[in-house]
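The lines below spell out each chain.
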Amino acid sequence: MGHNWINGEWEQGNGKRLEIKNPATAEIEETVFEADDLQVKKAAESAYLAFSSNSWRYNFKLRKKVLEKAASILEEKAEKVATIESIDTGKPIKEARVDVEDVVHCLRYYAGLIPDSLSKTLKMEDGTESEIKSEPIGVCGLIVPWNFPLLLGVWKLAPALAAGNAVVFKPSELTPMSMIEFTKALIEAGIPDGIFNFVIGGREVGQAIVENPMVKKISFTGSVETGKRIYQRCAEDLKKVSLELGGKSPLIVWNDVDIEKTAEWAVFGALFNQGEVCVAAPRLLLHQDIYDPFKKVLLEKISQVNIGDPLKEGTEFGPLISESHVKKVTAYIEKGLEGGASLLYGGKVLAEKKGYFIEPAVFEEVDQSMEIVQEEIFGPVITLQSFETKEEAVELANGTNYGLAAGIFTESSERGRWIAERLEAGIIWINSYHTPYVDAPWGGVKQSGIGRELGPEGLISFTEYKHVNKSVSIDSLGWYQFKR
Ligand code: NAD
């Protein structure tokens with residue numbers, strides 16, 4: 001059996017051989033083959049034909065049934081899928097279990113939004129009646145990164161399929177395995193041939209999807225750099241596009257907080273999933289009154305983080321995704337030191353372990369213009385900065401090109417609201433961090449992206465509006481007569 005699901009059949013990829021490594025051991029877990037150009041073309045064509053047959057887009061009951069059944073199948077094999085996800089990505093097993101739970105919830109949420117709850121009928125002022133329908137776009141290309149392969153995949157797939165589209169899906173070349181399991185669940189749930197196509201590969205396969213003329217929308221999650229390239233390419237064909245990109249989120253701590261509890265949140269905000277999270281908050285902005293005591297508690301807590309085998313219960317921090325990512329993160333640590341920042345803690349590669357393990361690093365005496373403050377490292381590198389006033393906190397928080405998320409910790413709800421109103425970010429948590437809510441929009445401003453996932457907004461992004469205006473009689477000239 002191959003690992004690419006194209007037009008209702010498993011196919012061995014005719015492209016490059018990929019060795020999928022376990023980042024905790026650096027050993028090869030699986031070998032798969034990328035789809036080649038012809039297979040991507042075939043996937044897009046089969047999606048187009050399946051969509052054009054209308055058997056999916058007009059069959060609300062079938063769409064609902066397939067999504068609900070896929071959710072139940074996944075729920076039954078949750079532990080198996082969580083284990084695959086943990087091995088593939090290096091994330092601690094308890095986090096992988098939460099991902100699978102969230103995926104099941106997301107599938108049921110979008111199944112619940114079918115049939116088309118987005119359509120509405122309006123009585124117009126000239127006496128005619130208008131139906132505003134949101135229709136599927138057609139073939140959608142869905143491309144996701146390696147940090148949450150299953151969760152981010154389903155954040156796109158569930159609304160795309162619920163809205164009645166056909167899709168060509170591409171996981172990251174580093175982490176395809178959990179989505180292969182999900183593909184099996186969709187097949188068992190009765191997804192019609194051609195409606196869902198799964199192709200494995202990296203940049204070239206992604207480009208082939210983006211460039212395919214049958215594909216009418218690209219929904220991409222990944223880095224700003226790749227997002228910009230995709231946006232430019234989509235502009236050539238005026239293809240619809242939504243982009244969920246990187247971040248460098250701040251976490252603002254006021255002087256009225258419980259230091260112990262807030263430091264716990266700060267560790268979680270910055271180090272969850274090894275800091276390989278788009279909304280990670282590695283920029284800690286601390287009120288000057290609590291800077292020293294907060295720093296002390298924070299460093300204690302970071303030193304107690306349980307680093308180790310992601311499959312072992314109790315592990316809180318696993319390996320980074322790859323050797324090249326370890327190199328990228330350590331290069332940023334070097335840049336921080338060269339730039340004059342002071343390394344308070346960690347940053348060492350844990351060479352005694354077999355996999356791609358690195359200690360979290362904490363810097364202070366950083367300048368807002370430094371690369372370690374400005375650029376997304378996508379790893380466990382924390383910077384500490386202090387502020388005196390709320391205006392200063394907002395200025396530091398907004399002082400990067402990103403605008404994905406932010407956190408505010410304060411006892412005063414009025415202050416929390418004041419700061420939230422002024423932050424340039426798509427998602428803001430007050431006295432909390434990280435939770436994605438399936439019914440609320442997710443996405444960023446500035447260079448963190450275009451469009452929103454989750455919630456009804458996530459469904460709307462996979463639809464086109466159609467306005468059908470109906471006159472009861474043809475006896476008058478309608479608008480023309482009405483306006484005279
Ligand atoms: P990446 O941009 O390198 O790759 C993302 C995906 O795009 C992969 O599947 C890759 O194979 C594919 N790809 C690469 N080049 C392509 C091209 N030219 N055309 C089409 N597809 C192409 O990102 P990554 O390193 O896999 O992921 C990390 C990035 O993802 C970080 O910047 C992170 O912040 C971002 N991210 C954002 C969110 C969000 O919700 N905003 C969530 C998770 C991750």
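Cut-offs used in this document
- Residues numbered from 1 in each chain as written.
- Predicted model: local features only at pLDDT ≥ 70, side-chain atom pairs only at ≥ 80, totals over all residues.
- Heavy atoms only, no water.
- UniProt positions renumbered as here; feature names shortened; annotations may be inferred.
- Near = heavy atom within 4 Å.
- Polar contact = N/O pair within 3.5 Å; in protein donor to acceptor, adjacent residues only side chain to side chain.
- Areas by Shrake-Rupley, 256 points an atom, 1.4 Å probe, with all protein chains shown as cover.
- Helix = DSSP H or I, 4+ residues; strand = E, 2+ residues; numbered from the N terminus.
- Nonpolar A, V, L, I, M, F, W, Y, C, P; charged D, E, K, R; others polar.
- Domains from an automatic or database assignment.
- Expected span 1.5 Å × (residues − 1).
- Buried < 20%, exposed > 50% of the residue type's maximum accessible area, 1.4 Å probe, protein only.
- Contact = heavy atoms within 4.5 Å.
- Pairing = 2+ DSSP bridges.
- Axes fitted to C-alpha atoms, helices over the stretch in contact; angles between N-to-C directions.
- Arc of directions from axis to C-beta.
- Buried area = accessible area lost by both parts, 1.4 Å probe.
- Salt bridge = Lys/Arg side-chain N within 4 Å of Asp/Glu carboxyl O.

An unreviewed UniProt entry lists the protein under the name Aldehyde dehydrogenase family protein, from Thalassorhabdus alkalitolerans. One UniProt comment on the protein, placed under Sequence similarities (unreviewed entry), says "Belongs to the aldehyde dehydrogenase family."

## Thoughts on the site of the ligand
In the region of the ligand, 28 residues are neighbours, and Val144, Ser223, Thr226, Leu245 and Glu376 sit closest. Ser223 is positioned with one of its side-chain polar atoms (N or O) 2.7 Å from an oxygen atom of the ligand. Residue Leu245 places a main-chain N or O atom 2.8 Å away from a nitrogen atom belonging to the ligand. When the ligand is considered free in solution it has 850 Å² of accessible area, and contact with the protein chains removes 91% of it. Contributions of two or more residues to the shell around the ligand are made by α7 (203-211), β10 (215-221) and α8 (224-237). A per-element tally of the shell around the ligand places α7 first, with three residues. Here the shell around the ligand is built from residues that sort into 13 nonpolar, 10 polar and five charged. Taken domain by domain, the shell around the ligand gets at least three of its residues from each of domain 1 (4-245 + 448-468) and domain 2 (250-430).

## A few points about helix α4 (residues 93-112)
Helix length check: α4 (20 residues) gives 29 Å between terminal C-alpha atoms against 28 Å at 1.5 Å per residue, within 8%. Taken residue by residue, α4 has Ile93, Glu95, Ala96, Asp99, Val100, Val103, Val104, Cys106, Leu107, Tyr109, Tyr110 and Ala111 as its buried positions. Elements in contact with the buried residues of α4: α2 (60-76), α3 (78-89), α5 (149-162), α6 (177-188) and α15 (455-460).

## A look at the sheet that holds strand β20 (residues 463-470)
Pairing is antiparallel in the open sheet, where three strands are placed in the order β5-β6-β20. The sheet is open, and its two borders are formed by β5 (120-123) and β20, each paired with just one other strand. Strand-to-strand twist across the sheet, computed as the mean angle between neighbouring axes with direction ignored, equals 25°. Sheet analysis places β5 next to strand β6 (residues 129-136), joined by four bridges and oriented antiparallel. Within the sheet, the bridge partner assigned to Lys123 lies in β6 and is Glu129.

## A word on the UniProt feature "active site" (unreviewed entry) in the protein
Residues annotated in UniProt with the feature "active site" (unreviewed entry) correspond here to Glu244. Among the structural elements, Glu244 can be located in strand β11 (residues 240-244). Take Glu244: its relative accessible area is 7%, and that puts it in the buried class. When residues no more than four places from it in sequence are discounted, the contact partners of Glu244 are Lys156, Phe220, Thr221, Gly222, Trp442, Gly443, Ser448, Gly451, Arg452 and Glu453.

## Details of α8
The terminal C-alpha atoms of α8 lie 21 Å apart, and with 14 residues this matches the ideal 20 Å at 1.5 Å per residue to within 8%. All of the buried residues in α8 are Val224, Gly227, Ile230 and Cys234. One side of α8 holds all its buried residues, which, seen down the axis, span an arc of 120°. Across α8 from its buried face, at more than 90 degrees, point the exposed residues Glu225, Gln232 and Glu236. Those residues of α8 that are buried are in contact with α7, β10 and β11.

## Quick word on the side chain of Asn4
Along the chain, the position of Asn4 falls in strand β1 (residues 4-6). Classification of Asn4 by relative accessible area gives buried; the value is 0%. Polar contacts involving the side chain of Asn4 include one to the main-chain amide nitrogen of Ile200, which spans 2.7 Å. Excluding residues within four positions of it along the chain, Asn4 makes contact with Glu9, Trp10, Glu11, Gln12, Gly13, Phe33, Ala35, Phe198, Val199 and Ile200.

## Digging into the domain arrangement of the protein
With domains assigned, the protein is organised as domain 1 (4-245 + 448-468) and domain 2 (250-430). On the side of domain 2, 27 residues touch domain 1, which itself brings 27 residues to the contact. For the pair domain 1 and domain 2, the two sides together bury roughly 2200 Å², of which 60% comes from carbon and sulfur. By the criterion of area lost to domain 2, the three top residues of domain 1 are Pro23, Trp146 and Ser448, representing 24% of everything that side buries. Here domain 1 is connected to domain 2 by two salt bridges. A salt bridge links Lys354 to Glu27; the shortest N-O distance between them is 3.1 Å. Counting across the domain 1 and domain 2 interface gives nine residue pairs in polar contact (both at pLDDT 80 or more).

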